[in-house]
Amino acid sequence: MDKLETVDLTEQQKKARRLRSVAIGLALVALVIIFYVATLAKFGPAVLNRPM
């Protein structure tokens with residue numbers, strides 16, 4: 001078996017990765033909210049009053 005090589009990130013690289021991850025997470029949350037609002041706008045609030 002070959003030994004796996006790992007890369008040690010600097011603190012600046014770790015901080016940049018974390019900020020990038022947070023930005024991606026916030027973008028996903030914003031996208032979900034936009035889709036939710038667009039769905040309510042298209043179907044109206046009556047979409048929530050349906051028989052189960």
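Note that the coordinates shown come from a computational prediction; the quantities given were computed from them, not determined experimentally. (Residues numbered from 1 in each chain as written. Predicted model: local features only at pLDDT ≥ 70, side-chain atom pairs only at ≥ 80, totals over all residues. Heavy atoms only, no water.)

Moving on, we come to the overall build of the protein. Along the protein, the regular secondary structure elements total 1 helix and 0 strands. Counting the 52 residues in the protein, one finds 2% classified as buried. Carbon and sulfur atoms provide 66% of the accessible area of the protein, an area that totals close to 5,500 Å². (Helix = DSSP H or I, 4+ residues; strand = E, 2+ residues; numbered from the N terminus. Buried < 20%, exposed > 50% of the residue type's maximum accessible area, 1.4 Å probe, protein only. Areas by Shrake-Rupley, 256 points an atom, 1.4 Å probe, with all protein chains shown as cover.)

Moving on: the UniProt feature "transmembrane region" (unreviewed entry) in the protein. Mapped onto this numbering, the UniProt entry gives "transmembrane region" (unreviewed entry) at residues 21–43. The annotated region residues 21–43 carries 100% helix and 0% strand content, and the separation between its end C-alpha atoms amounts to 33 Å. (UniProt positions renumbered as here; feature names shortened; annotations may be inferred.)

What follows concerns helix H1 (residues 11–43). With 33 residues, H1 should reach 48 Å at 1.5 Å per residue; the first-to-last C-alpha distance of 48 Å fits that figure. Phi turns positive one or two residues past the end of H1, at Gly44, with a value near 80°. (Expected span 1.5 Å × (residues − 1).)

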